[in-house]
Amino acid sequence: MTSKQVGTNLGDGSGATGDTPEEGYERGLGSRQVQMIAIGGAIGVGLFLGAGANIAKAGPSLILMYALAGVIVFFIMRALGELLMYRPVSGSFSEYAREFLGPFFGFVTGWTYWLMWVVTGMAELTAAAIYVHFWFPDIPQWVTALVFLILLYVANLISVKLFGEIEFWFSMVKVTALIGMIVIGLGVVTLGFSQAGDTAAVSNIWAHDGIFPNGIGSSLMTLQGVMFAYLAVELVGVTAGESENPEKTLPKAINTLPWRIIVFYVGALSVILMVVKWTEFQPGVSPFVAAFAKIGIPAGAAIINFVVLTAALSSCNSGMYSTGRMLRDLAANSEAPKILGKLSSSKTPALGITLSVVLMGIGVVLNYVVPEKAFAYVTSVATAAGIWTWLMILVSHIRYRREVVAGRLPASSFPAPGGTVCSWIAVAFLLLVTGLIAIDPESRVSLYVGAGWAVCLAVGWAILKSRTPHIAARAKAQDKELETSGQPRG
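Residues numbered from 1 in each chain as written. Predicted model: local features only at pLDDT ≥ 70, side-chain atom pairs only at ≥ 80, totals over all residues. Heavy atoms only, no water.

A. Spotlight on the overall build of the protein. In terms of regular secondary structure, the protein is built from 21 helices and zero strands. A total of 490 residues make up the protein; the buried ones form 57% of that total. A fraction of 81% describes how many contacts in the protein between residues 6 or more apart in sequence connect residues 24 or more apart. If you sum the accessible surface of the protein, you get close to 18,400 Å²; carbon and sulfur atoms cover 70% of it. (Helix = DSSP H or I, 4+ residues; strand = E, 2+ residues; numbered from the N terminus. Buried < 20%, exposed > 50% of the residue type's maximum accessible area, 1.4 Å probe, protein only. Contact = heavy atoms within 4.5 Å. Areas by Shrake-Rupley, 256 points an atom, 1.4 Å probe, with all protein chains shown as cover.)

Put into structure tokens, the structure is as follows:
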């Protein structure tokens, strides 16, 4: 199968920009829901909880790290946006890797993205149970985790509209909480009210040993945690096959990413560090809880606990949604059991969702008996898997632009600014973050897990090729076309 054929086999055969291939899904996600999924994807537990430890490491420079990483994430999303407008499909990451890099890379990307959400779901379910324990300490943790697992599972089976509505309100809670925190914090700084009024000041950002109090090296080491906070922004790409009008909603959702980063990350952290000196933050304590306590809001801890609970449930909900779609895409390409490609009467990939939920449930049991460091390990594994997905998006974008320049594929209606230059910059940045993960003893475990996962995938691919010869034939056909066109397999 040639790259042109791959690009058109799901649509009407034209492959023209703006074609919306039908994959059997219900196009039940409206603009309102897609926009809030995009906003919510950029706000997660990594910000609400993880920022505390990173502030203790890097001080106010964490603001710059979030801004820098935010620019890179925008490059990634614009590259994805160009690919989505070329061919909007729900299995976007693995589909583009499969088309522009070959079937093996599509296979690896699809299964790796699936792994990312399964392990994230394991952590988030247990975290949600811990947050509920704050109000109801007598309820066993495993009971709460099981209840959440069942409720979200049923919601994902009913319809994509219900998933979208749940995610809309989860995102609304997170957005409202952050905007409220920013408004209150600015009021404390400018008007001087509350218990923090006497010490709150803009100068708190640089007055205590400068913006880089522990050196630039310590600041760079927080980038892995910062990138984990941005995981799930690419979820918009998975919604492509079920959006009512992807040609309009997806570019709008991607183009609003910069202001979301400015307001919810850079803005919120800046205000918090104005209200509370960075030296007062401790690892394991939410910076938002610390800020509410400093201001003197009585219900501050309970409010933030509720917000973080919604963030955890939102992540788990998104995980169930994306894993089912990714497994169906793999099944459609003979890279997973075909039974996982079937849709239920409600047009949801029920079997794929079920398999993923069963594995998430095993994670609940494991997290119940392992030490708390398991959460750090899980997040580092998820970050490594996320970096691979982002790299595949960027490299696929670079290869796509080569094909467009050569006149072999139509141009997208949503080209990334700067062409492939920004994609190359983002690739270099992600490789830097990977190097930082290798240096950090705590997060290095993710590379060991990644190596083991790579071995499993290599064995799985070898078995798949021996049992499904047409996959190997497809790879050879793509290689032959690229040789003919003079383009190397990258």
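B. Focus on the environment of A145. Tracing the chain through its elements places A145 in helix α8 (residues 141-158). Separated by 17 residues in sequence, A145 and A128 place their C-alpha atoms 6.9 Å apart. Setting aside residues up to four positions removed in sequence, A145 forms contacts with L125, A129 and V364.

C. Inspection of empty space enclosed by the protein at higher detail. Applying the stated criterion across every chain yields a total of four cavities of 30 Å³ or more. In terms of lining residues, the largest cavity is bounded by 22 residues, among which G44, W117, L231, A232 and S315 are the most central. Residue assignment for the lining of the largest cavity shows that the elements contributing at least two residues are α2 (31-41), α3 (45-48), α7 (103-133), α9 (160-191), α11 (223-230) and α16 (300-332). Broken down by class, the residue content of the lining of the largest cavity amounts to 11 nonpolar, eight polar and three charged. (1 Å grid on protein atoms, 1.4 Å probe; cavity = no way out; pocket = protein on both sides within 12 Å on 5 of 7 lines; lining within 4 Å. Points joined across faces, edges and corners; volume = space filled by probe spheres on them. Nonpolar A, V, L, I, M, F, W, Y, C, P; charged D, E, K, R; others polar.)

D. Up close: the packing of helix α5 (residues 62-86) against helix α13 (residues 246-255). In the contact formed by α5 and α13, the axes pass within 10 Å of each other and the chain directions differ by 170 degrees. When the axes of α5 and α13 are compared, the pair comes out roughly antiparallel. The residues of α13 that touch α5, namely those facing F74, M77, R78, G81, L84 and M85, are P246, E247, L250, P251, I254 and N255. Classifying every residue of the contact of α5 with α13 gives eight nonpolar, two polar and two charged. (Axes fitted to C-alpha atoms, helices over the stretch in contact; angles between N-to-C directions. Parallel < 35°, antiparallel > 145°, perpendicular 65-115°, else oblique.)

E. Structural view of the side chain of R78. Position of R78 relative to the elements: it lies in helix α5. Salt bridges are absent for the buried R78, whose nearest opposite-charge side chain, E82, sits at 6.8 Å. Within the structure, the side chain of R78 is placed 3.1 Å from the side chain of N255, a separation counted as a polar contact. Filtering out sequence-adjacent residues up to four positions away, R78 remains in contact with I254, N255, F414, P415, A416 and P417. (Lys, Arg positive; Asp, Glu negative; His and termini not counted. Salt bridge = Lys/Arg side-chain N within 4 Å of Asp/Glu carboxyl O. Polar contact = N/O pair within 3.5 Å; in protein donor to acceptor, adjacent residues only side chain to side chain.)

F. Fine view of the packing of α5 against α11. Packing of α5 against α11 brings their axes to within 10 Å, and their N-to-C directions diverge by 55 degrees. Considering the angle they form, α5 stands oblique to α11. Here α5 runs over α11; the crossing is right-handed. Listed contacts from α11 to L62, M65, Y66, A69, G70 and V73 of α5 are L223, V226, M227, A229 and Y230. Looking at the contact of α5 with α11 residue by residue, the class counts come to 10 nonpolar, one polar and no charged. (Left-handed = near helix turned anticlockwise from the far one by under 90°.)

G. Main features of unusual backbone geometry. Located in the positive-phi region is S334, a residue other than glycine, with phi close to 60 degrees. Within the secondary structure, S334 is located in the loop between α16 and α17 (350-369). Of note, K347 is a non-glycine position whose phi angle comes to about 65 degrees, a positive value. The topology assignment puts K347 in the loop between α16 and α17.

H. Structural view of the pattern of salt bridges. One pass over the structure, following the stated rule, counts eight salt bridges. The partner of E95 in a salt bridge is R87, and the shortest N-O contact between them spans 3.3 Å. No difference in accessibility class separates E95 from R87, as the two residues are buried. Residue R408 is joined to E403 by a salt bridge in which the shortest nitrogen-to-oxygen separation is 3.0 Å. A residue is classified by how much of its surface remains accessible, and E403, at 4% relative accessible area, is buried. One continuous salt-bridge network, built from bridges that share partners, spans R87, E95, R98, E99, D329 and E335.

I. Representation of helix α4 (residues 50-58) within the structure. Buried within α4 we find A51, G52, N54, I55 and A58. Packing partners of the buried residues in α4 comprise α3, α5, α10 (215-220), α11, α14 (257-275) and α15 (287-295). Looking one or two residues past α4, G59 carries a phi angle of roughly 65 degrees, positive in sign.

J. Summary view of the layout of surface pockets. Roughly 400 Å³ of volume is contained in the second largest pocket. Lining the second largest pocket are 19 residues, with T112, A384, A385, W388 and G450 positioned closest to its centre. Elements that contribute at least two residues to the lining of the second largest pocket include exactly α7, α18 (373-405), α19 (421-439) and α20 (445-467).

K. Looking closely at the packing of aromatic side chains. Applying the stated criterion across every chain yields a total of 15 aromatic pairs. Here the aromatic rings of F104 and W461 are separated by 5.6 Å at their centres, their planes lie at 70 degrees, and the arrangement is edge-to-face. Of this pair, F104 sits in helix α7 while W461 sits in helix α20; the two residues are 357 residues apart in sequence, bridging distant segments of the chain. An angle of 50 degrees between the planes, with centres 5.3 Å apart, marks the rings of F107 and W461 as tilted. One end of the pair, F107, is in helix α7; the other, W461, is in helix α20, with 354 residues separating them in the sequence. Each member of the pair F107 and W461 is classed as buried. Its end group placed over the ring of F414, R78 keeps NZ or CZ at 4.0 Å from the ring centre. (Phe/Tyr/Trp six-rings, centres within 6.5 Å; stacked < 30°, edge-to-face > 60°. Lys NZ or Arg CZ within 6 Å of the ring centre and 35° of its normal.)

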